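The residues making up each chain are set out below.
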Amino acid sequence: MATQHTAIVPGTVHLVDVSGEAPAGAKMRDGIQLVPRPSDDPEDPLNWSKHRKWLALAMVVVYTFGTGLPLTLQYSILADITADTGISTSTLVEGTGYMFLLLGFGCLFWQPIALTYGRRGVYLISTLATVPLMVWTAYSKSSGEWYAHRLILGFFVAPIEALPEVSIPDIFFAHERGGMMGVYVFSLFGSNFLAPLIAGWFNEAFGWKWTMYFGAIFAAIAFVILYFFMEETMYFRQGLEGLEDEQDEVAAATATVAGEKEEKSSGSSQTVSESPATVYVKPTLAQKLAWFRKMDGRPTYQHMLKTMYMPFIYLYQFPIVTWAGFIYGINLCWYQVLNGTASPVLANAPYNWSSGLVGCIYTGPIVGAAFGCYWAGSIADKITLWLARRNKGVREPEHRLWPLLLTAVLAAIGLIMWGVGAQYHTHWAVLAVGLGILTFSVVAGGSVALSYNIDCYKDISGDTTTSVILVRNVMGFAIAYGITPWYTNMGLQNCFIMAGFLALGCTLTFLFMVWKGKDLRRASAERYWKYAAKSSSAH
């Protein structure tokens, strides 16, 4: 089957009907071809009403905040935890680095389960497990304990990194993914920036231990909301994205042959049988509330086990996946730099801020994240559609990369403003603006990288997203481990000037992908269609 499609480049799809000659089987909306093509089943998530889709997206946001916020409450109160427990600040930061490592590698366990047995149950387990682990965090008394609950928390909350990237394409079409992915990435980073702000003031009022208890309560509330309102979005559809037109031709040819046979048989027989219409069954309330649901067409248990190691194979067989992970990872690095230096810089002279005020500095990143979400989401979608119309209605995934031109420049500016400003003790407003500019780039860059990976290899994106997260979080672990000695030995000014130019150079590699991305996708076509066919038929 793979050899039949080697001439079709993965990710290249006819998205806009500019000539008024859309394929016969295409489904259109406002002149835009719906990709992937929805089925006739009203329970197909692509066919859900707008209200139902937005509720499903809201539940992804609830999950992301419900686990992401408790996970990062410690960033603005590191000094207080150290003073009370004797655990050094470097140990606390290293523990967070190990947590990020498990957030990546934990996807190897959870993602195959979600792709086989359903997303809902994995979301619920992840959220529920966060509750006792946050309670345990409040009882930390040694470095060993801190490392232990950070590692376990990273494992159970790992779905936050890769599962929403599967849930969103379950529900939304190709021309909508960028905006919806932006909402998720904003929730991910926004929860991480909101947490230190809340924790700072909560710590001053009730102490750091009750701050951790608050995280447990927050996760528990999120679990209750998810249990009653989150629907299963897993759906096994026939056909592969990008092959709809070819599959229409095959279906038409098959129907013609069947019609000829029927005409011949009707000459000798007066009885003509009609094929029964497909009956779609609406799930009951009990089925909707079930944690996992057995569906026809799901992958076999053996295939599920295989997908636990496939992300490593995809990393060297699909260079685009590795590059997407690199871009997402380099943006995570700057996020780690922010969290690793905010408290040490602002809690000491000449600022001498309390934990509550240190938390307030994250207001800038929250605003920056909101604008970054809009830039990489709605604006990027509009740019993609505009370029597709100029390309005779054909969308190339590389069309989505142009917003990185702005993020490359702003990341460098934000890093230099923060580092040089802190070195020379500038007004705190300069630091806040610098962090806001940096966060704009971090959120936008991560969102574009995720969307690009999905656009290129949609039908194996559940696994390639795990590959992206592995690269991202290994890079995040490395920078979390090295940021303290880096800025301590080089000084804030030199460290962040170097970081700024690294951010600029690394992000500008997108220009190479604009130039050669389609060639790389064409070279990987045979491998991709083979894996996609196996994935769709593994039942």
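Here we summarise the structure given alongside this text. (Residues numbered from 1 in each chain as written. Predicted model: local features only at pLDDT ≥ 70, side-chain atom pairs only at ≥ 80, totals over all residues. Heavy atoms only, no water.)

### Some words on the overall build of the protein
Along its length, the protein carries 23 helices and four strands. In the protein, buried positions account for 55% of the 539 residues. Sequence separation of at least 24 residues holds for 84% of the intrachain contacts in the protein that already meet a minimum separation of 6. As displayed, the protein has an accessible area near 21500 Å², and 65% of this comes from carbon and sulfur atoms. (Helix = DSSP H or I, 4+ residues; strand = E, 2+ residues; numbered from the N terminus. Buried < 20%, exposed > 50% of the residue type's maximum accessible area, 1.4 Å probe, protein only. Contact = heavy atoms within 4.5 Å. Areas by Shrake-Rupley, 256 points an atom, 1.4 Å probe, with all protein chains shown as cover.)

### Some thoughts on unusual backbone geometry
Phi is positive for Asn352, close to 50 degrees, though the residue is something other than glycine. By the element assignment, Asn352 lies in the loop between helix H15 (319–346) and helix H16 (355–360). Positive phi, normally seen in glycine, also occurs at His425, with a value near 55 degrees. In this fold, His425 is placed in the loop between helix H18 (404–423) and helix H19 (428–456). Relative accessible area serves as the criterion here: at 46%, His425 is assigned to the partly exposed category.

### Considerations on the pattern of salt bridges
Counted by the stated rule, this structure contains 13 salt bridges. For Glu231, the salt bridge goes to Lys288, with nearest N and O atoms at 3.9 Å. Note that Glu231 is positioned in the loop between helix H10 (208–229) and helix H11 (244–268) and Lys288 in helix H12 (residues 285–289), a separation of 57 residues in sequence. The partly exposed category is assigned to Lys288, whose relative accessible area is 24%. The salt bridge partner of Lys516 is Asp519, with a shortest N-O separation of 3.5 Å. (Salt bridge = Lys/Arg side-chain N within 4 Å of Asp/Glu carboxyl O.)

### A word on the packing of aromatic side chains
Per the counting criterion, the structure on display carries 29 aromatic pairs. Note on Phe105 and Phe312: the rings are 6.4 Å apart at their centroids and 35 degrees apart in plane angle, and the pair reads as tilted. Placement of Phe105 in helix H3 (residues 89–105) and of Phe312 in helix H14 (residues 310–317) is noted, with a sequence separation of 207 residues between them. Given the relative accessible area of 36%, Phe105 is considered partly exposed. The class for Phe312 is partly exposed, based on a relative accessible area of 37%. (Phe/Tyr/Trp six-rings, centres within 6.5 Å; stacked < 30°, edge-to-face > 60°.)

### Side note on helix H8 (residues 164–171)
A large share of H8 lies buried, amounting to eight of its eight residues. Pro164, Glu165, Val166, Ser167, Ile168, Pro169, Asp170 and Ile171 are the residues of H8 that are buried.

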